[in-house]
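# Structural features, examined
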Amino acid sequence: MSTFPLQQPLPHGATPRLPAPHRRRPHPLVLVGGYWATFILLHLGAATLSSHDGVYLWYFPAALSVALLLILGPRYLPAVILAPLPVDLFLRPMDLPTWAILGLAVSYACGHALAVMVFRRIGLSSRLRRIQDVAGFLALAFLGPLLAAPPAYLLLRASGALPANHLMEGARTILLGDVLGVLTLGPALLLWIRPLLTLGWTPRRRCSPSIRPVAFLFQCAGLALAAFVVARFSEPDTLHLKYVLFLPLFWMVMHGGMRMASLGFPLLSLALALAMLQGNPTADTILGIQAFLVVLFGTALFLSSAMDAHDAVLSRRDRGARRLNQLVAASGAVPWEMEVATGHCGYLGQEIESLLGWPQEAWRKEPFWGEVVHPDDQPAFLRFLREVGRPDSNHQLEFRLRTPEGGEHWVRAAGGLEPGHTQGRAIGFLFDIHTHKQVEEKIRRASLDEKDLLLREIHHRVKNNLQVVSSLLRLQASTQEDPALQRALQEAQERVHAIALIHQKLKHAPDFSRLDLPGYVQTLAERLVRSYASIPALIDLRVRVAEVEIGADVPVPLGLILNELVANALQHGFPPGQGGSLDIDIERNGRGWITLRVADSGQGLPESVHLDKGGLGFQLVQALTDQLGGTLELERRRGASFLLSFPGPPRQP
């Protein structure tokens, strides 16, 4: 059984492709333990940074719970409920009883879990790559505290930790602290920790290429400086310089997108918290800066998401352009565009210079590439441009280009009209097919050479066979005693030899479609003079044959007619011992017909002899004349003259 090609053994020296490295994923118990440890540390930090009246600056642990539920699903809800209990039961914030602490833990965990379920149910992604994902994450940050706020408020009222006249302040306290914690730490957890938990990590995992250490340090310094300026030089109650925070954060967003912004949120929050706590801010100041940071982080998320989407589009476009350029370069195609009306070449690929040697200016010097296109192919190229927009036209053309050295180079143009362009702009590609044409020409020449050799062999074999027949007739004649029979066999032998001579001439002709007519007539006439004249030296043979084309079907009947007329003149025009002149003329007359004149100065033909009442020779000549579609005339003057006229092939332009 044959093996699939991809399963064949590797050749000698080849290196096998290594399998993908094994990615390690944390065990669920390790994951829950790490979550609880981190939650407790952040919870202690949030409790330490809390101000008077129980108003928390930032509630980072909420981001851990939301991220855990988003990444691994609501099945980890019990771990979320148990996470805040150790710190809250130990510190007893606002002197809450145990049942109130348990109720708050359940309320916030269930509120966040319900918000996460809605987020996942509507098909949003925690990767935060789309605008709708960012909008859904912002809604998630608000929805969780809103769902948890009513039962939490009732628990705080029932425990006496929240007076009735502080309803709005309590709502803001419960809502803003939780929302800001999710917005501050949530994006960093989703963008940096989520891939490690869901995809795992390799032992040699590379750092993300989106972080540039030097630029990141400068951006962090800018965030810290902006937080210091806001806390130090703003009015204590309004912090009117807080809008300065837009500058360093948006600088980070513009240069790093969502991933850098996710790191900037906790850095800015921590720097601002440390700067503000040294000034002992009021609760209203803290709530105001919290509300401002919610707006700032939300705006930054939307802007960074738009920046990432824009960069992704540009990256896809650049990758597509690079792949297209690589494909074009690999195919050897040269892109071009041209205005059909004016012939102006608007664009041409740089590869054309290395292909032909013409600079770009030469292609734009004259319209329709007039200086570069071969003069014989310019009409075809213009016709191609005029018809390129028709649906029934051929959108490809093979033509020649001139090289700077005066040679020619074959190319193929393929293209069409640019969609939506009203001025008629043709676009397409030029393909180098010169090598292909050279190969085709070599194949054609090889085929012609093979056919030439075959035809020469055929003519050679036919000539040999006819010579065999001629030899048989000569042998047969030598065995006969009857002179009339010997003469008849000799005439048949000469007719066969006349045909064999045609094949001999065609065998040595450079072009099988053109017979060397002057050489053939001269050779045939000389042979007939040697065969039929009693004294060949007394015959003044004058052959005048013009260089005319007679076609492929004419040589055999013309040769037989010439054989009969010359043999007749030598046999009957010159008695034994006498001589004279024998003229053979072949030319083309004014009508385009070919004329053959055979005239002798002998004793002429008797008045009783007519063409339609002659012997076998005259009958043969008349039949062959009809085959050529011509006419035969007999002129009775000093000697005899025969004039054969027949239509020749049409003249070549």
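Residues numbered from 1 in each chain as written. Predicted model: local features only at pLDDT ≥ 70, side-chain atom pairs only at ≥ 80, totals over all residues. Heavy atoms only, no water.

### Re the overall build of the protein chain
When you go through the protein chain residue by residue, the secondary structure sums to 18 helices and 10 strands. Across the 653 residues in the protein chain, those meeting the buried criterion constitute 42%. The long-range fraction of contacts in the protein chain, counting pairs at least 24 apart against all pairs at least 6 apart in sequence, stands at 67%. Summed over all atoms, the accessible surface of the protein chain reaches about 35,800 Å², with 59% contributed by carbon and sulfur. (Helix = DSSP H or I, 4+ residues; strand = E, 2+ residues; numbered from the N terminus. Buried < 20%, exposed > 50% of the residue type's maximum accessible area, 1.4 Å probe, protein only. Contact = heavy atoms within 4.5 Å. Areas by Shrake-Rupley, 256 points an atom, 1.4 Å probe, with all protein chains shown as cover.)

### Focus: the packing of helix α6 (residues 131-159) against helix α10 (residues 283-331)
Contact pair α6 / α10: the axes reach a minimum separation of 9 Å and the direction vectors enclose 160 degrees. Classified by the interaxial angle, the pair formed by α6 and α10 is roughly antiparallel. The interaxial crossing formed by α6 with α10 has right-handed handedness. Contact residues: I131, V134, A135, F137, L138 and F142 in α6; V294, G298, L301, F302, S305 and A306 in α10. (Axes fitted to C-alpha atoms, helices over the stretch in contact; angles between N-to-C directions. Parallel < 35°, antiparallel > 145°, perpendicular 65-115°, else oblique. Left-handed = near helix turned anticlockwise from the far one by under 90°.)

### Describing α10
Over its 49 residues, α10 extends 70 Å from the first C-alpha to the last, a length consistent with the 72 Å expected when each residue adds 1.5 Å. In the stretch just after α10, G332 is the one whose phi turns positive, near 80 degrees. (Expected span 1.5 Å × (residues − 1).)

### Structural notes on the sheet that holds strand β4 (residues 408-417)
Spatial strand order, β2-β1-β5-β4-β3: five strands in an open sheet with antiparallel pairing. Each edge of the sheet is formed by a strand with only one pairing partner; in this case those strands are β2 (345-348) and β3 (396-402). When the angles between neighbouring strand axes are averaged without regard to direction, this sheet yields 30 degrees. One ladder, built from six bridges, connects strand β1 (residues 334-339) with strand β5 (residues 425-432); its direction is antiparallel. Residue pairing across strands places V334 opposite L430, the latter belonging to β5. (Pairing = 2+ DSSP bridges.)

### What to know about the pattern of salt bridges
One pass over the structure, following the stated rule, counts 14 salt bridges. Taking the shortest distance from any N to any O, the salt bridge between R130 and D133 comes out at 2.9 Å. With a shortest N-O distance of 3.2 Å, R400 and E408 are connected by a salt bridge. For R400, a relative accessible area of 15% corresponds to the buried category. (Salt bridge = Lys/Arg side-chain N within 4 Å of Asp/Glu carboxyl O.)

### Quick look at the environment of M307
Considering the arrangement of structural elements, one finds M307 in helix α10. Each C-alpha atom, one on M307 and one on G256, is 8.9 Å from the other, the two residues being 51 residues apart in sequence.

### Here we look at the side chain of S305
Within the fold, S305 resides in helix α10. Dropping the residues within four chain positions of it, S305 is found in contact with R129, R130, I131, V134 and M258.

### With respect to the nonpolar core
In terms of nonpolar packing, the biggest core is built from 72 residues, with F137, L183, L245, L293 and F297 touching the most fellow members. Per-element accounting of this core gives the leading share, 12 residues, to helix α9 (residues 246-277). Formed by 43 residues, the second largest nonpolar core is a distinct cluster that contains Y532, L558, L632 and A640. (Core = buried A, V, L, I, M, F, W, Y, C linked by side-chain atoms within 4.5 Å.)

### Some thoughts on the pairing of β2
Note that β1 and β2 share three bridges and pair antiparallel. The residue of β2 that forms the bridge with M338 is C345. Between β1 and the antiparallel strand that follows it, β2, lie five residues; G343 among them carries a positive phi value of about 80 degrees.

### Re a nonpolar patch on the surface
Taken together, the side chains of L44, F90 and L91 present a nonpolar region at the surface, about 320 Å² in accessible area. For L44, the position within the fold is in helix α1 (residues 28-48). On the accessibility criterion, L44 (37% relative accessible area) is partly exposed. (Patch = residues over 30% accessible without salt bridge, like charges linked within 9 Å, V, L, I, M, F, W, Y side chains within 5 Å.)

### Observations concerning helix α8 (residues 213-233)
The terminal C-alpha atoms of α8, which comprises 21 residues, lie 30 Å apart, in line with the 30 Å expected from a rise of 1.5 Å per residue. Along α8, the positions that sit buried rather than exposed are F216, Q219, C220, G222, L223, A226, A227 and V230. Projected down its long axis, α8 carries its buried residues within an arc of 155 degrees, all on one side. Facing away from the buried side of α8, by more than 90 degrees, are the exposed residues P213, V214, L217, F218, L225, R232 and F233. Buried residues belonging to α8 abut α9. (Arc of directions from axis to C-beta.)

### A look at the confidence of the model for the protein chain
Counting all residues, the mean pLDDT for the protein chain is 80, and 85% of those residues have values of 70 or more. Note that pLDDT drops below 50 for residues 51-57; the model gives that stretch 21 contacts with residues more than four away or on any other chain. Predicted confidence for residues 204-209 stays below pLDDT 50, and this span has five contacts to residues more than four positions away or in other chains. (pLDDT = per-residue confidence, 0-100.)

### Describing the environment of G343
With respect to the element layout, G343 can be found in the loop between β1 and β2. Taking relative accessible area as the criterion, G343 reaches 2% and is therefore assigned buried. Sequence separation between G343 and L385 is 42 residues; the distance between their C-alpha atoms is 9.2 Å. Sequence-distant contacts of G343, defined by excluding residues within four places in its chain, comprise M338, P367 and F368.

### Some details on unusual backbone geometry
Its identity as a non-glycine residue notwithstanding, F368 has a phi of 60 degrees, on the positive side. By the element assignment, F368 lies in the loop between α12 (360-365) and α13 (378-387). Accessibility expressed as a relative area gives 21% for F368, which makes it partly exposed. In this structure, W369 takes a positive phi of about 55 degrees despite not being glycine. What makes W369 buried here is its relative accessible area of 0%.

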